[in-house]
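Structural overview
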Amino acid sequence: MADLAGAAQPSHDHILILDFGSQVTQLIARRVRESGVYCEIWPFNQADDARIRSFNPKGIILSGGPRSVLDEDAPSAPSVVFEMGVPVFGICYGQQTMVQQLGGRVEGLEKSSGGREFGRAFVDVIDHSSITAGVWDKGAHEQVWMSHGDHVADLPEGFRVIAKSEGAPYAFIADTGRKFYGVQFHPEVVHTLNGKDLLKNFTHEVCGCSGDWTMQSFREESIAKIRAQVGDAKVICGLSGGVDSSVTAVLLHEAIGDQLTCIYVDTGLMRAGESEQVVSLFRDHYNIPLIHEDASEKFLSGLEGTADPEMKRKLIGTMFIEVFENCAKRVGGAKFLAQGTLYPDVIESVSFTGGPSVTIKSHHNVGGLPEKMDLKLVEPMRELFKDEVRDLGRALGMPEEFIRRHPFPGPGLAIRMPGEITAEKLEILRKADTVYLDEIKKSGLYDEIWQAFAVLLPVRSVGVMGDSRTYEYVCALRAVTSTDGMTADYYPFEHEFLSRVSTRLINEVQGINRVTYDITSKPPGTIEWE
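Per chain, residue numbering runs from 1 following the sequence as it is written. Residue-level local features of this predicted model are given only where pLDDT is at least 70; pairs of side-chain atoms are given and counted only at 80 or more, and the full residue set underlies all totals for whole chains, interfaces and linings. Only hydrogens and water are set aside when side-chain values are computed; all heavy atoms of the structure are taken into account.

Our next topic: the overall build of the protein. Going along the chain from the N terminus, every DSSP run of H or I of four or more residues is numbered as a helix, and every run of E of two or more is numbered as a strand. Regarding its fold elements, the protein presents 15 helices and 20 strands. A compact globule built from 530 residues would reach a C-alpha radius of gyration of about 24 Å, and the protein, at 26 Å, matches this within 12%. Oriented by its inertia axes, the alpha-carbon framework of the protein measures out at about 75 × 65 × 40 Å. The Shrake-Rupley method, run with a 1.4 Å probe sphere, supplies the accessible areas, and residue values consider only the shown protein chains as cover. Summing over all exposed atoms, the protein offers an accessible surface of approximately 22500 Å²; the carbon and sulfur share of this is 48%. Restricting the calculation to C-alpha atoms gives the radius of gyration, and the globule rule supplies 2.2 Å times the number of residues raised to the power 0.38.

Quick look at the structure:
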């Protein structure tokens, strides 16, 4: 089982989130973290009594999930959850399993008088509680987000109703004596208005958390932990030019100084000016020892004739490891490899069902290097979400323009160019991407968008420029909004903006004569095209 940290921040209050498989469990953690409280997500079946007690949570949240508590093998919370004397907050499935485990009754859809509820719904607040204090008033009619078929039919002893909806007579319940609370809706999603305030009331007012977990405190504690782990050994860090690896490198340099050497492999698949920016920031601005390896010819020749996207990713990964290993040998005597692993990577490596996940596409990283080179891993950000990494970068004084950069995939422009990769097509794509992002920034839209980029399609179309016939490439534009990249929706540009970008691309980028805009959400699509 992957290491899920466990009491990783002993000097701060802890909230434990037990995951029953909801697609939005990470949103619960993000809301709790946003209020300054440290929390961790554990699969419900990988949290035994001893482990939960040793974590010493000030409160426990039970997530939603896709199952029915009426199933014969339905997941349930460890009994210690209700025996520790700490507050418990059950959400959707979490509410239902709490009710059933404490002696209440849950009713299936076939017996339900109210019917199932999916999407936007409204609850009527009929009583006061510590969680609704200052957020919902008694008698209010509040918007929430529902996603359930089953619902609670009879309450366990000690519980009372706080709010009800048309399809859930016990939409919000409370046992204030034991500090057990349950909601049928999802307070963690933005569609539940003021939902994050309900969660904050649970963590701060009910659980008594102080909210002292900040990026400044994380920075100070991480520096101490890095020094304790590394000692006087040498560390190498692979720089991709992205936010995660960059923040990792700056944090490490602050902790251990010149014991750190960064390695930046220029694959020739980077955006325009990216390599120069990375080298300037780390070698000139931060004065961090940096090996800059221009391996663009190796990557281009190695990818020649390859069109399959998965094969492209694997070839890039293999060549990257080979080049990185050769660079690392120049450092000599390194004992540690630093990586920008984030908390979602840790969570997603552990399946609560115990089964393997389907591989949508391989990810490009330095996987395999630690074992091959007998290196130990340093992963100082494995407890952080992406937005927290940006906050840490600000605490470290990194340039705001760099911190706010959109995510960029490890394989680079190779997966934004379906089909074979050539130097000519790469140059066209770089210019197109530059024009597109320039217009987004000029329009003040960059920070509203999670990720935006151009894609060069492997098709040509007939066009007319002046009095001449053209036969050039089609460029697709992609821009999405998201909170964590797990789900995403396309950004609703005004037609005037798209028209302006299209005109600039066709006029300024030789090789493109047609522009399209991708309006696919994730799912069913992925953010990147390959």
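Turning next to the state of the cysteines. As used in these notes, a disulfide is a covalent bond between sulfur atoms, one from each of two cysteines. Throughout, a disulfide means two cysteine sulfur atoms within 2.5 Å of one another. Inspection of the entire model under this criterion finds 0 disulfides. A disulfide-free cysteine, Cys92 has its sulfur positioned 19 Å from the sulfur of Cys39, the nearest such atom.

What follows deals with helix α15 (residues 495-508). Every helix has an expected span of 1.5 Å times one less than the residues it contains. For α15, built from 14 residues, the straight-helix expectation of 20 Å at 1.5 Å per residue is met to within 8% by its first-to-last C-alpha distance of 20 Å. Along α15, the residues that are buried comprise Phe497, Leu498, Val501, Ser502, Arg504 and Leu505. Down the axis of α15, the sector holding all buried residues measures 165 degrees, keeping them to one side. Residues of α15 that are exposed and angled more than 90 degrees away from the buried face: His495, Glu496 and Asn507. A simple rule labels every residue: compare its accessible area, found with a 1.4 Å probe on the protein chains alone, to the largest value its type can have, and call it buried under 20%, exposed over 50%, or partly exposed in between. Picture the helix axis, draw a direction to every C-beta atom, and the arc is the one those directions span.

Working definition: rings of Phe, Tyr and Trp (its six-membered ring) pair if their centres are within 6.5 Å, and the pair is stacked with planes under 30 degrees apart, edge-to-face with planes over 60 apart, and tilted otherwise. Per the stated rule, a full pass over the model turns up 19 aromatic pairs. Ring centres 6.4 Å apart and planes at 80 degrees place the aromatic pair Tyr490 and Tyr517 in the edge-to-face group. With a gap of 27 residues between them, Tyr490 in strand β19 (residues 489-490) and Tyr517 in strand β20 (residues 512-517) connect regions that are remote in the sequence. When its relative accessible area of 31% is taken as the criterion, Tyr490 is described as partly exposed. Of note, Arg405 hangs over the ring of Phe402, and the distance from its end group to the ring centre comes to 5.0 Å. Definition used: whenever NZ (Lys) or CZ (Arg) falls within 6 Å of the ring centre and also within 35 degrees of the ring normal, the charge is taken to sit over that ring.

Interaxial distance between helix α5 (residues 215-230) and helix α6 (residues 243-256) falls to 9 Å at its minimum, and their mutual angle equals 65 degrees. As judged from the angle between their axes, α5 and α6 are roughly perpendicular. Note on packing geometry: the crossing formed by α5 with α6 is right-handed. Contacts between α5 and α6 pair Arg219, Ser222, Ile223, Ile226, Arg227 and Val230 from the former with Leu251, Leu252, Glu254, Ala255 and Ile256 from the latter. Fitted lines through C-alpha atoms serve as axes, helices being fitted only where they are in contact, and the angles separating the N-to-C directions of these axes extend from 0 to 180 degrees. Working definition: roughly parallel below 35 degrees, roughly antiparallel above 145 degrees, roughly perpendicular at 65 to 115 degrees, and oblique for all remaining angles. With the far helix as reference, a near helix turned anticlockwise by less than a right angle produces a left-handed crossing, and one turned clockwise produces a right-handed crossing. Contacts: residue pairs with any heavy atoms within 4.5 Å of one another.

Counted at 1.5 Å a residue, the expected span for α6 with its 14 residues is 20 Å, and the 20 Å between its end C-alpha atoms agrees. Counting buried residues along α6, 13 of its 14 residues qualify, which places the element largely inside the surrounding structure. Trailing α6 by a residue or two, Gly257 shows a phi angle of about 60 degrees, which is positive.

Moving on, we get to the pattern of salt bridges. Salt bridges are defined by distance alone: a side-chain nitrogen of Lys or Arg within 4 Å of a carboxyl oxygen of Asp or Glu. Taken as a whole, this structure holds 29 salt bridges when the rule is applied. Taking the shortest distance from any N to any O, the salt bridge between Arg105 and Asp154 comes out at 2.6 Å. Of this pair, Arg105 sits in strand β5 (residues 105-107) while Asp154 sits in strand β8 (residues 151-154), placing them 49 residues apart in sequence. Taking the relative accessible area as the measure of exposure, Arg105 reaches 38% and is therefore partly exposed. The class of Asp154 is partly exposed, set by a relative accessible area of 35%. Here the salt bridges share partners, and the residues they tie into one network are Asp438, Glu439, Lys442, Arg500, Arg504 and Glu508.

Turning next to the nonpolar core. A general tendency of soluble globular proteins is for nonpolar side chains to be buried together. Core analysis: the biggest nonpolar cluster contains 93 residues, and Ile236, Phe282, Leu392, Tyr436, Ile440 and Phe493 have the highest contact counts within it. Other than its neighbours up to four places away in sequence, Ile440 contacts Leu445, Tyr446, Ile449, Ala452, Phe493 and Phe497. Of all hydrophobic cores here, the second largest spans 40 residues; its members include Ile41, Cys92, Val135 and Leu199. For this analysis, a nonpolar core means a set of buried residues of the types Ala, Val, Leu, Ile, Met, Phe, Trp, Tyr and Cys, connected via side-chain atoms within 4.5 Å.

Let's shift gears to the environment of Ala133. You can see Ala133 is positioned in the loop between β6 (117-125) and β7 (141-148). Classification of Ala133 by relative accessible area gives partly exposed; the value is 46%. Ala133 sits 310 residues away from Ser443 along the chain, and the two C-alpha atoms are 41 Å apart.

Contact pair α6 / helix α12 (residues 386-395): the axes reach a minimum separation of 10 Å and the direction vectors enclose 40 degrees. It follows that α6 is oblique to α12 by the angle criterion. You can see that α6 and α12 cross each other, and the crossing is left-handed. Residues Val243, Asp244, Val247 and Leu251 of α6 form the contact with α12, whose own contacting residues are Lys386, Val389, Arg390, Leu392 and Gly393. The nonpolar class holds Ala, Val, Leu, Ile, Met, Phe, Trp, Tyr, Cys and Pro. Asp, Glu, Lys and Arg form the charged class, and all remaining residues, Gly among them, are polar. The residue makeup of the contact of α6 with α12, split by class, is 5 nonpolar, 1 polar and 3 charged.

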